[in-house]
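Each chain, letter by letter, is given below.
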Amino acid sequence: MTQYWFARYRIGTSPSRGLVPLTWQGRAVIAGFAGGMVLGGLLFLLFGLRDQFFPGIVLFVVCAIAGTATFIWAATTKSDPVRTVAEYRAERTK
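Rules and cut-offs
Position numbers for residues count from 1 along each chain, tracking the sequence in the order it is written. Whole-chain, interface and lining totals are the exception, using all residues; otherwise, since this is a predicted model, local features are given only for residues with pLDDT of at least 70 and side-chain atom pairs are given and counted only at 80 or more. Side-chain descriptors were evaluated using all non-hydrogen atoms of the structure, hydrogens and water having been removed beforehand. Helix numbers and strand numbers start at the N terminus; a helix is a DSSP run of H or I with at least 4 residues, a strand a run of E with at least 2. The cut-offs for exposure are 20% and 50% of the maximum accessible area for each residue type, with area from a 1.4 Å probe on protein chains only; residues under the lower value are buried, those over the upper are exposed, and the others partly exposed. Any two residues whose heavy atoms approach within 4.5 Å at even a single point are treated as in contact. Where accessible areas are quoted, they stem from the Shrake-Rupley method and a 1.4 Å probe; at the residue level, only the protein chains shown are allowed to cover. What makes a nonpolar core is a set of buried Ala, Val, Leu, Ile, Met, Phe, Trp, Tyr and Cys residues whose side-chain atoms join them at distances within 4.5 Å. Here, strands pair whenever DSSP counts at least two bridges between them. Axis definition: a line fitted to C-alpha atoms, limited for helices to the stretch in contact. Angles are taken between N-to-C directions and run from 0 to 180 degrees. Angle categories are assigned with fixed cut-offs, so that under 35 degrees is roughly parallel, over 145 is roughly antiparallel, 65 to 115 is roughly perpendicular, and the rest are oblique. The nonpolar class holds Ala, Val, Leu, Ile, Met, Phe, Trp, Tyr, Cys and Pro. Asp, Glu, Lys and Arg form the charged class, and all remaining residues, Gly among them, are polar.

An account of the overall build of the protein is requested, with residue identities and associated values reported.
Secondary structure assignment for the protein yields 3 helices and 3 strands. Among the 94 residues that make up the protein, the fraction classed as buried is 27%. A separation of at least 24 residues holds for 52% of the contacts in the protein among residues at least 6 apart in sequence. Of the accessible surface of the protein, which amounts to about 6500 Å², a share of 69% is contributed by carbon and sulfur atoms.

Now the structure itself:
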């Protein structure tokens, strides 16, 4: 049985909208995505201040791709395609 990290708000017309983290792993994926963007931006800034723009751009792109790829992987493989977040919350309150 697969443990899902994300659920969707609604299922129907637009199934790709509204991912909600259900577990700490889902929150960690979102934090990793944001952290990768921030770290890449800081590296770009630090290298840019030393007039080394090319390594800064490369490091930003690498950090952004790593964070984005992890988020896309988790969103496609670890999200429940059948149940919504409302069903998980109702189950949790029982």
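Once you've had a look at it, read on.
So what's going on with the nonpolar core? Residues and values would help.
Generally speaking, a soluble globular protein has its nonpolar side chains buried in company with each other. If you look at the biggest cluster of nonpolar residues, it comprises 5 residues: Ala7, Val20, Leu22, Val85 and Tyr88. Other than its neighbours up to four places away in sequence, Ala7 contacts Gly18, Leu19, Val20, Leu22, Arg83, Thr84, Val85 and Tyr88.

If you had to explain the sheet that holds strand β1 (residues 6-8) to someone new, which residues and values would you point to?
The strand order across the open sheet built from 3 strands is β2-β1-β3, with neighbouring strands paired in mixed fashion. The outermost strands of the open sheet, each flanked by one partner alone, are β2 (19-21) and β3 (79-84). Averaged over all neighbouring strand pairs, the angle between strand axes comes to 40 degrees, with direction disregarded. Summarising the sheet, β1 and β2 pair through 3 bridges and their orientation is antiparallel. If you follow Ala7 over to β2, its bridge partner there is Val20. Running over the sheet, helix α2 (residues 53-77) touches β1, β2 and β3 and is turned about 45 degrees from β3.

Which residues make up the packing of helix α1 (residues 24-49) against α2, and what values do they have?
Relative to each other, α1 and α2 sit at 175 degrees, their axes nearing to 7 Å. In terms of axis orientation, α1 runs roughly antiparallel to α2. Per-class residue counts for the contact of α1 with α2 are 17 nonpolar, 9 polar and no charged.

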